[in-house]
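# Overview (structure and organization)
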Amino acid sequence: AEPPELLDALNADAKAWLRGDGPLPAALTANAGSPVWSRAYSHPAGAEPSAARCGDATKALDALGLRKMVVGHTPQINSGINDCCGGRVYRIDTGLSRSYGGPRQCLELTEGRRP
């Protein structure tokens, strides 16, 4: 299957799970390869991922016909919301929970404007 169809299938499985109509999709379980748990573009905080990792992001985005992706799950406490991989990946986890005490920030997406 092509990447868009794989993503559509994952979304359908996740919706079914959230509605209580199916099991938790294996791709969303707590493992490093999961799109929910991956820290591939965020660790260490504020650092630019390797060229190979950014190449992976570019391939995934291009295959899906997307320009950018937003990721979380790794607090960017000292950096706040920031981007990497030539502005194609935005890291939005600022560690705002009490246990981290990071800044309260949000990413605003407005058509025709760079975030």
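Everything quoted here is computed from the prediction, not taken from an experiment. (Residues numbered from 1 in each chain as written. Predicted model: local features only at pLDDT ≥ 70, side-chain atom pairs only at ≥ 80, totals over all residues. Heavy atoms only, no water.)

### Side note on the sheet that holds strand β2 (residues 82–84)
Heads up, the condition is: In this analysis, strands are considered paired if DSSP registers two or more bridges between them. Secondary structure elements are taken from DSSP: a helix is a run of H or I of four residues or more, a strand is a run of E of two residues or more, and numbering for both begins at the N terminus. Inter-axis angles, ranging from 0 to 180 degrees, are taken between N-to-C directions of lines fitted to C-alpha atoms, where helices are fitted over the stretch in contact.
The strand order β1-β3-β2 describes an open sheet built from three strands, whose pairing is mixed. Each edge of the open sheet is held by one strand with a lone partner, namely β1 (69–71) and β2. For this sheet, the mean angle separating the axes of adjacent strands, direction not counted, is 30°. Where β1 and strand β3 (residues 89–91) come together, three bridges link them in parallel fashion. Bridged to V70 within β3 is Y90.

### Quick word on unusual backbone geometry
Trans peptide bonds make up most of the peptide bonds, and negative phi angles are found at most residues other than glycine. Across the junction of H43 and P44, the peptide omega takes the value 0°, indicating a cis bond. With respect to the helices, strands and loops of the structure, P44 is situated in the loop between α1 (3–19) and α2 (51–64). A positive phi angle, close to 80°, is found at H73, a residue other than glycine. With respect to the helices and strands, H73 occurs in the loop between β1 and β2.

### Describing a nonpolar patch on the surface
Rules: Every patch collects residues that have over 30% relative accessible area and no salt bridge, joining them within 9 Å if they carry like charges and within 5 Å if they are nonpolar side chains (Val, Leu, Ile, Met, Phe, Trp, Tyr). For accessible areas, the Shrake-Rupley method is used with a probe of radius 1.4 Å. Any residue's cover is judged against the shown protein chains and nothing else. Basic side-chain nitrogens of Lys or Arg form a salt bridge, by our definition, when they fall within 4 Å of a carboxyl oxygen of Asp or Glu. A simple rule labels every residue: compare its accessible area, found with a 1.4 Å probe on the protein chains alone, to the largest value its type can have, and call it buried under 20%, exposed over 50%, or partly exposed in between.
A cluster of nonpolar side chains, W17, L18 and L24, forms an exposed patch at the surface whose accessible area comes to about 310 Å². Mapped onto the secondary structure, L18 falls in helix α1. According to the relative accessible area criterion, L18 is exposed, its value standing at 66%.

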